[in-house]
Amino acid sequence: MLRILFKKQMSELNQSFFQDKKKGKRRSAVSTVALFLLYLSLFVCLGGIFFYVGKVLCLPLVQAGIGWLYFAIMGMIALALGIFGSVFNTFASLYQAKDNDLLLSLPIPIYAILLVRISGVYVMGLLYGSIVMIPTLIVYVMIVGLGAVFGGIVWLFLISLCNLVLSCILGWVVAKINSRLRNKSLLTVVVSLAFLGGYYYVWFQANHLLQMLIINSMTVGAKVKGAVYPLYMLGRVGEGDIVSALLCTAALFAAVALVYRILSYNFVKMAASSSGKQHTRYKEKRLRRRSRMGALLTREVRRFLSSSTYMLNCSLGTLFLVAASVFLLVKGNGILDALWQFFEADMKMVFLIGCVGVCGLAAMNDITAPSVSLEGKNLWILQSLPIASWDVLKVKLYLHLLLTGIPAVLCTVCMAVVFRFSLSMASAAILMVSLFTLLSAETGLWMNLKMPNLNWKSETAVVKQSLSVFLVLLLNLVYAFAIMGVYVLTGEPMGAELYIFSCCLLTAVLCVWIFYWLKTRGTKILENL
């Protein structure tokens, strides 16, 4: 029985290779092989990064007689990656598995179901952690010799057990937060942005951190040994210390048994209840009356905030515009000095680079590009309401302008103040950025009406894979950098301010033309979808 359940659990983990969940169809053999090779190449590329980190750390630490610190550091990285990869799988497989009710209704012992669920968590954590652990072992064996293989394998096994314990604990925490949180999409966005920010910070600071670690290796080793002794013991396991291996193995087996005991005690209650769904009581309250456009805009905002996929993929430019505004206020003088030296005190080029830079950040937002397609099969509701189709399209434009236009203008004002633009330069920059934002919003709506996709099964197919989104992003970026390119290639026949005002005129003409198309043909297309 355990063998059959384990086989079922492993097939669920590998299902994405053979089944396209977005289309609900089985993948072809070519598609399966291509996807497998893609994941394998990604594994090799990421492993190569950690192989480089291991080569930088291992030899100096081994020569200093603290090889255990090498395993301790790489073990923490492996745990971080393994937990990140498996904690949400723990949440899904233990607390939100769709077949829990079916399995509990069958004559299957509860311990068997729980063991198989936990085995899936273990395998996922092992896969993610191996991206770090396998290169770590390869580097250590290359430097120390084949005699270090046994200790390294035991270390890998113990790190994977530690990952299992922490993933089960954190998965329970995620389940509790999920059961009490109203807007789960915002939590997903915040966690994703925090991870993205942490990733880029570590990436840009990696060489500095590695150098500081090597220089102060003895001090760091003494602090780790004194403050985090279990981490020191795990490092000693990697070096092949038998006593440390026995003690760590006994401690981790006891921790796994304790976690299993706690989960088995509450498993039936957790599996039978829908902890991922929030139960709310009806409370009578007075509804606030809104105008037609206000109600439509509120609906559009709520739709945007309800989808983490929509927010993360279509409005990342807003975050960068806000970050750029803060960065300009804090480090603007240094940026101005660098640009001033690079362009040999040519204020025209500094002004032009600033305008194109803000437009490039605004071009990263494509909120309107999938907005019609995201209505999906519920589009008939809007079509049946006593409202004009033009009002439906306008609120989609308003949402893009609110989330992109305001941060873009704010960033432009900060740039004008810090770079000490003249009044005419500041006016031209603000006008250019505002018209560019309007043009990008209208272009996204135009493309989506020409290439809608209402028969989707996953929002990801619309937000990430639709042709309208790709074309809008491409056209926006091309137009933004074409402004700079034409000015440079034509040999600067006019002043930068007059040139930007000319670009504003061209952009305004395009905005009026697309606006007219949306109001006439666009509304008819929307009515007939």
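Here the structure is a predicted model, which is why all the values come from computation and not from measurement.

## Considerations on the overall build of the protein
In step 1: When its secondary structure is counted, the protein shows 21 helices and two strands.
In step 2: For the protein, buried positions account for 42% of its 529 residues.
In step 3: The contacts in the protein between residues at least 6 apart in sequence include a share of 84% that link residues at least 24 apart.
In step 4: Just so you have it, the protein exposes about 28,900 Å², and 69% of that area is on carbon and sulfur atoms.

## Observations regarding helix H6 (residues 110-144)
In step 1: Along H6, the sharpest change in direction is near 50° and occurs at Ser 130.
In step 2: In the segment just after H6, Gly 145 is the residue with positive phi, at about 125°.

## Remarks on the packing of aromatic side chains
In step 1: Applying the stated criterion across every chain yields a total of 15 aromatic pairs.
In step 2: Look at Phe 351 and Phe 421: their rings are 5.4 Å apart centre to centre, the planes differ by 80°, and that puts the pair in the edge-to-face class. On the criterion of sequence distance, the pair formed by Phe 351 in helix H15 (residues 347-362) and Phe 421 in the loop between helix H17 (389-418) and helix H18 (423-450) is long-range, its members being 70 residues apart. Here Phe 351 matches Phe 421 in class, with each residue buried.
In step 3: Put simply, the rings of Tyr 70, Phe 71, Tyr 140 and Trp 155 touch in pairs and so form one group of aromatic residues.

## Comments concerning the packing of H18 against helix H21 (residues 496-528)
Two measures define how a pair of helices packs: the angle their axes make with one another and the distance between the axes.
In step 1: Axis separation between H18 and H21 bottoms out at 8 Å; the angle between their running directions is 25°. One finds that H18 runs roughly parallel with respect to H21. Considering how the two elements wind past one another, H18 and H21 form a crossing that is left-handed.
In step 2: Among the residues forming the contact of H18 with H21, the class breakdown is 25 nonpolar, four polar and three charged.

## Overview of the nonpolar core
Most often, soluble globular proteins keep nonpolar side chains buried together rather than apart.
In step 1: In this structure, Phe 351, Phe 419, Phe 421 and Ile 500 are the most contacted members of the largest nonpolar core, which totals 61 residues.
In step 2: Secondary structure elements with two or more residues in this core: helix H14 (316-342), H15, helix H16 (379-384), H17, H18, helix H20 (467-489) and H21.
In step 3: Of all the elements, H18 adds the most residues to this core, at 12 residues.
In step 4: Ignoring sequence-local partners within four residues, the contact set of Phe 351 consists of Phe 421, Met 425, Ala 428, Ala 429, Ala 496, Glu 497 and Ile 500.
In step 5: Grouped together as the second largest cluster of nonpolar side chains are 37 residues, Cys 58, Val 132, Leu 158 and Cys 248 included.

## Digging into the pattern of salt bridges
In step 1: Taken as a whole, this structure holds eight salt bridges when the rule is applied.
In step 2: Between Asp 391 and Arg 292 there is a salt bridge, with its nearest N and O atoms 2.8 Å apart. Of this pair, Asp 391 sits in helix H17 while Arg 292 sits in helix H12 (residues 292-305), and the two are 99 residues apart along the sequence.
In step 3: With a relative accessible area of 48%, Arg 292 lands in the partly exposed category.
In step 4: Via salt bridges that share partners, Arg 299, Glu 300, Glu 375 and Lys 396 belong to a single interconnected network.

## Quick look at empty space enclosed by the protein
In step 1: Counted according to the given criterion, the structure contains two cavities of 30 Å³ or more.
In step 2: Computed from the structure, the second largest cavity encloses a volume of approximately 40 Å³.
In step 3: Along the walls of the second largest cavity sit Ile 118, Leu 164, Val 165, Cys 168, Val 256, Val 259 and Tyr 260, which together make up its complete lining.
In step 4: Broken down by secondary-structure element, the contributors of at least two residues to the lining of the second largest cavity are helix H7 (149-180) and helix H11 (242-272).
In step 5: Partitioned by chemical class, the residues of the lining of the second largest cavity number seven nonpolar, no polar and no charged.

## A word on the side chain of Ser 325
In step 1: Note that Ser 325 resides in helix H14.
In step 2: With relative accessibility at 4%, the residue Ser 325 sits in the buried group.
In step 3: At 3.5 Å, the side chain of Ser 325 forms a polar contact with the backbone nitrogen of Cys 411.
In step 4: Apart from the residues lying within four places of it in its own chain, the contact partners of Ser 325 are Pro 407, Leu 410, Cys 411 and Cys 414.

## What about a positive patch on the surface?
In step 1: Among the surface-exposed residues, Lys 285, Arg 288, Arg 290 and Arg 302 lie close enough to one another that they form a single positively charged patch.
In step 2: Considering the arrangement of structural elements, one finds Arg 302 in helix H12.

## A few points about unusual backbone geometry
In step 1: Phi is positive for Arg 420, close to 55°, though the residue is something other than glycine.
In step 2: Relative to the helices and strands, Arg 420 resides in the loop between H17 and H18.

## Focus on the packing of H17 against H21
In step 1: Packing of H17 against H21 brings their axes to within 9 Å, and their N-to-C directions diverge by 120°. On the basis of their axis angle, the class for H17 and H21 is oblique. Between H17 and H21 lies a crossing whose hand is right-handed. Contacts between H17 and H21 pair Ser 389, Trp 390, Val 392, Leu 393 and Leu 397 from the former with Phe 515, Leu 518, Lys 519, Gly 522, Thr 523, Leu 526 and Glu 527 from the latter.
In step 2: Class assignment for the residues of the contact of H17 with H21 results in seven nonpolar, three polar and two charged.

## A short note on the environment of Leu 473
In step 1: Tracing the backbone through its elements, the reader meets Leu 473 in helix H20.
In step 2: Looking at Leu 473, the relative accessible area reads 27%, which means it is partly exposed.
In step 3: Measuring from C-alpha to C-alpha, the distance between Leu 473 and Thr 443 comes to 9.8 Å, with 30 residues separating the pair along the chain.
In step 4: When neighbours within four sequence positions are excluded, Leu 473 is seen to be in contact with Ala 363, Met 364 and Asp 366.

## Observations concerning a nonpolar patch on the surface
In step 1: A cluster of nonpolar side chains, namely Val 33, Phe 36, Leu 37, Leu 40, Phe 43, Val 44, Leu 59, Ile 134, Ile 138, Met 142, Ile 143 and Val 144, defines an oily patch on the protein surface of about 1,000 Å² accessible area.
In step 2: Listed by contribution, the elements that provide at least two residues to the nonpolar patch are helix H3 (29-63) and H6.
In step 3: When residues in the nonpolar patch are grouped by element, the largest group, seven residues, is from H3.
In step 4: Along the chain, Val 44 falls in helix H3.

## Digging into the environment of Leu 352
In step 1: As for its position among the elements, Leu 352 is in helix H15.
In step 2: The class of Leu 352 is buried, set by a relative accessible area of 0%.
In step 3: The spacing of Leu 352 and Tyr 499 is 147 residues in sequence and 9.4 Å in space, taken between C-alpha atoms.
In step 4: Setting aside chain neighbours within four positions, we find Leu 352 in contact with Met 484, Tyr 487, Tyr 499 and Ile 500.

Each value, and the rule that gives it
- Residues numbered from 1 in each chain as written.
- Predicted model: local features only at pLDDT ≥ 70, side-chain atom pairs only at ≥ 80, totals over all residues.
- Heavy atoms only, no water.
- Helix = DSSP H or I, 4+ residues; strand = E, 2+ residues; numbered from the N terminus.
- Buried < 20%, exposed > 50% of the residue type's maximum accessible area, 1.4 Å probe, protein only.
- Contact = heavy atoms within 4.5 Å.
- Areas by Shrake-Rupley, 256 points an atom, 1.4 Å probe, with all protein chains shown as cover.
- Bend = angle between axes of the 7 residues up to and from the residue.
- Phe/Tyr/Trp six-rings, centres within 6.5 Å; stacked < 30°, edge-to-face > 60°.
- Axes fitted to C-alpha atoms, helices over the stretch in contact; angles between N-to-C directions.
- Parallel < 35°, antiparallel > 145°, perpendicular 65-115°, else oblique.
- Left-handed = near helix turned anticlockwise from the far one by under 90°.
- Nonpolar A, V, L, I, M, F, W, Y, C, P; charged D, E, K, R; others polar.
- Core = buried A, V, L, I, M, F, W, Y, C linked by side-chain atoms within 4.5 Å.
- Salt bridge = Lys/Arg side-chain N within 4 Å of Asp/Glu carboxyl O.
- 1 Å grid on protein atoms, 1.4 Å probe; cavity = no way out; pocket = protein on both sides within 12 Å on 5 of 7 lines; lining within 4 Å.
- Points joined across faces, edges and corners; volume = space filled by probe spheres on them.
- Polar contact = N/O pair within 3.5 Å; in protein donor to acceptor, adjacent residues only side chain to side chain.
- Patch = residues over 30% accessible without salt bridge, like charges linked within 9 Å, V, L, I, M, F, W, Y side chains within 5 Å.
- Lys, Arg positive; Asp, Glu negative; His and termini not counted.
- Charge placed at Lys NZ, Arg CZ, Asp CG, Glu CD.

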